[in-house]
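# Observations on chain architecture
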Amino acid sequence: QAMDQDKALEVYDIIRTIRDPEKPNTLEELEVVTENCVEVQEIGEDEYLVIIRFTPTVPHCSLATLIGLCLRIKLQRCLPFRHKLEIYITEGTHSTEEDINKQINDKERVAAAMENPNLREIVEQCVTEPD
Amino acid sequence: MGRGQDWGRGCAVRRAVPAGPLWSCRAVLGEGHQRTVRRVAWSPCGNYLASASFDATTCIWKKQEDGFECITTLEGHENEVKSVAWAPSGTLLATCSRDKSVWVWEVDEEEEYECVSVLNSHTQDVKHVVWHPNQELLASASYDDTVKLYREEEDDWVCCATLEGHQSTVWSVAFDCSGERLASCSDDRTVRVWQRYRPGNQHGVACSGAEPTWKCVCNLSGYHTRTIYDVAWCHLTGALATACGDDAIRVFEEGTGGTEQEPSFSLAAHHLCVWRALVTLHCSASVLSTSVEAEPSLRKRPRVSFSRHMSLMARAVFPVSFLE
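This structure is a prediction, so every number in the text was calculated from the model and none was measured.

This next bit is on the sheet that holds strand 3 (residues 37–42) of chain B. All names here are of chain B. Read from one edge of the open sheet, four strands run 3-4-5-6, paired in antiparallel fashion. Of all the strands in the sheet, the pair left with one neighbour each is strand 3 and strand 6 (67–74). Across the sheet, the mean angle from the axis of one strand to that of its neighbour is 25°, orientation sign disregarded. The pairing of strand 4 (residues 48–53) with strand 5 (residues 58–64) spans five bridges and is classified as antiparallel. By the bridge assignment for strand 5, leucine 49 is matched with tryptophan 61.

All names here are of chain B. UniProt tags residues 30–62, 74–115, 119–150 and 163–195 as "repeat: WD" (unreviewed entry). From the first C-alpha to the last, residues 74–115 spans 9 Å; its make-up is 0% helix and 52% strand. For residues 163–195, the end-to-end C-alpha separation is 11 Å, with 0% helix and 55% strand making up the annotated structure.

Let us now look at the packing of helix 2 (residues 61–78) of chain A against helix 3 (residues 97–104) of chain A. Residue and element names in this part refer to chain A. Packing of helix 2 against helix 3 leaves a shortest axis separation of 10 Å and a crossing angle of 35°. Like other packed secondary-structure pairs, helix 2 and helix 3 cross with a definite hand, here right-handed. Contacts between helix 2 and helix 3 pair Cys61, Ala64, Thr65, Gly68 and Arg72 from the former with Ile100, Gln103 and Ile104 from the latter. Taken together, the residues that form the contact of helix 2 with helix 3 break down as four nonpolar, three polar and one charged.

Basis of the calculations
Residues numbered from 1 in each chain as written. Chains lettered and ligands numbered in written order. Predicted model: local features only at pLDDT ≥ 70, side-chain atom pairs only at ≥ 80, totals over all residues. Heavy atoms only, no water. Pairing = 2+ DSSP bridges. Helix = DSSP H or I, 4+ residues; strand = E, 2+ residues; numbered from the N terminus. Axes fitted to C-alpha atoms, helices over the stretch in contact; angles between N-to-C directions. UniProt positions renumbered as here; feature names shortened; annotations may be inferred. Left-handed = near helix turned anticlockwise from the far one by under 90°. Contact = heavy atoms within 4.5 Å. Nonpolar A, V, L, I, M, F, W, Y, C, P; charged D, E, K, R; others polar.

Encoded structure:
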């Protein structure tokens, strides 16, 4: 299925400025996300499937899920077109990637996590654009 | 579950006004929970409402003349309660949670609730619990990809069956009106229908001791393009309805071409999805998983093709009729 390059760039523009939860760098600077890690396919009239494959810097489970959460939340808020989102850890970069992928794509887990004030605070700091 | 929407903190109770088609909001129960209310369930008698919340509690509300009063709060789960369900008898209640457990509660005539069992059979979050329509049998759906069944045995509750087969989280289950069948829906984008076989059954299905076996007799695959969050089995018509993350509701009806051991479900042509053809799929009980890839398309007629390993069996076992 043909990739929509423009839409993919639109997505990348939103996610590249997300800050890493631990380091004072953006996900782009740390190469956690790259232009090529975004895939966008049209799945209906004005509706797109967005797939992101990110590479965490360290093999630490909680940070990977946190990055997944940041990606999801920022796109939910900022992406202007109708979309369904799938987020995955780049294969081979993590020991429990299947577990992490399942967590970050479970919308109930995501919703519950965002109600946790501590997690929410961290996510807000990572996704909020500096003035 | 909409895009960017927060699930509400309160329960709004709406009661139908008999005179006309309009619904009016009779009560807003905003003080019971501190976090998302995930599920609500009416008691069989209609006088009580149970609400399950991400705040790890379950509230029981009693209908009063001018509203609802929270008469008790069931505590014990370690984190989000995902579901609550009343048994048909009205004296039992089940709750389940991300803490992997299912709790069974008993209520007496004095409206006293007591936890009678904590079931730790699942290895991951339990998404949903559902009672059998006419027996004290409980089913649970889990993030661990299984469905489990529980019943009472000598003063305690035990897990009497585990239904394996789904490749990802099972979000919901539903019994048919007889209770001999169970439908489950999953993140793996399939719906499975399970049939109960009792010991000594005529179909040669092996049972362990006196325990019935549940066998998957149908796998509806290729219809849904994203996670299936809910399934409902109409006790009147036998129709199956599904709620899917691809924004569509699908209704399946059992066709006359199948048998009890090999039911045939077809997608009803009149539902709101864009299918313009009726695809009939016969699922053989001897093959555990079937796969008919039907390509969903907004504008074109759906094409039906078989996955390679099934094509040899297709003619004999899987007649597919494509009607317009």
